[in-house]
Amino acid sequence: MEKRLYKSNTDKKLCGVCGGLAEYLNIDSTIVRLILVLAVLFAGCGILAYIIAALVIPEKAE
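Remember, predicted model here, so these are calculated numbers, not experimental data. (Residues numbered from 1 in each chain as written. Predicted model: local features only at pLDDT ≥ 70, side-chain atom pairs only at ≥ 80, totals over all residues. Heavy atoms only, no water.)

## Section: the overall build of the protein chain
Of the regular secondary structure elements, the protein chain holds three helices and zero strands. When the elements of the protein chain are put in sequence order from the N terminus, they spell out α-α-α. Radius of gyration (C-alpha) of the protein chain: 11 Å, near the 11 Å computed for a compact globule of 62 residues. In terms of overall dimensions, the protein chain has C-alpha extents of about 35 × 20 × 20 Å along its principal axes. Considering only contacts within the protein chain whose residues lie at least 6 apart along the sequence, 39% involve residues at least 24 apart. Entry remark: accessible area of the protein chain is about 4700 Å², with carbon and sulfur atoms responsible for 66%. For the protein chain, the centre of its 7 positive side-chain charges and the centre of its 6 negative side-chain charges are spaced 3 Å apart. (Helix = DSSP H or I, 4+ residues; strand = E, 2+ residues; numbered from the N terminus. Rg over C-alpha atoms; globule rule 2.2 N^0.38 Å. Contact = heavy atoms within 4.5 Å. Areas by Shrake-Rupley, 256 points an atom, 1.4 Å probe, with all protein chains shown as cover. Lys, Arg positive; Asp, Glu negative; His and termini not counted. Charge placed at Lys NZ, Arg CZ, Asp CG, Glu CD.)

In structure tokens, the structure reads:
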């Protein structure tokens, strides 16, 4: 079975992007959220990346 990236239905704060990415990478979603916050603060590209990911990554059909 191939591994696919989906937005999380259970671990979501806004759109489920960080939760889905954490499930895909098998890490805690808090780590992904901290990386996103650091990307927003230092690089300024985190918000744009999150919006694009929220539009592109599909919902998990259950």
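After that view, the rundown keeps rolling.
## What about the packing of helix α1 (residues 17–25) against helix α2 (residues 29–43)?
Two numbers describe how α1 lies on α2: the axes approach to 8 Å, and their chain directions differ by 125°. With respect to each other, α1 and α2 are oriented oblique. Of the two elements, α1 crosses α2, and the hand of that crossing is right-handed. Counted together, Cys-18, Gly-19, Leu-21 and Ala-22 of α1 and Ser-29, Val-32, Arg-33 and Leu-36 of α2 form the full contact between these two elements. Residue composition of the contact of α1 with α2, by class: five nonpolar, two polar and one charged. (Axes fitted to C-alpha atoms, helices over the stretch in contact; angles between N-to-C directions. Parallel < 35°, antiparallel > 145°, perpendicular 65-115°, else oblique. Left-handed = near helix turned anticlockwise from the far one by under 90°. Nonpolar A, V, L, I, M, F, W, Y, C, P; charged D, E, K, R; others polar.)

## Some details on the packing of α2 against helix α3 (residues 46–56)
Between α2 and α3, whose axes approach to 7 Å, the crossing angle comes to 130°. Taken together, the axes of α2 and α3 lie oblique to each other. Listed contacts from α3 to Leu-36, Ala-39 and Val-40 of α2 are Gly-46, Ile-47 and Tyr-50. When grouped by side-chain class, the residues that make up the contact of α2 with α3 number five nonpolar, one polar and no charged.

## What about the environment of Ile-51?
Among the structural elements, Ile-51 can be located in helix α3. Ile-51 sits in the partly exposed class, given a relative accessible area of 45%. (Buried < 20%, exposed > 50% of the residue type's maximum accessible area, 1.4 Å probe, protein only.)

## Some remarks on a nonpolar patch on the surface
On the surface, Val-40, Ile-47, Leu-48, Ile-51, Ile-52, Leu-55 and Val-56 cluster together into a nonpolar patch covering about 690 Å² of accessible area. It is α3 that contributes the most residues to the nonpolar patch, six residues altogether. Mapped onto the elements of the fold, Leu-55 is located in helix α3. (Patch = residues over 30% accessible without salt bridge, like charges linked within 9 Å, V, L, I, M, F, W, Y side chains within 5 Å. Salt bridge = Lys/Arg side-chain N within 4 Å of Asp/Glu carboxyl O.)

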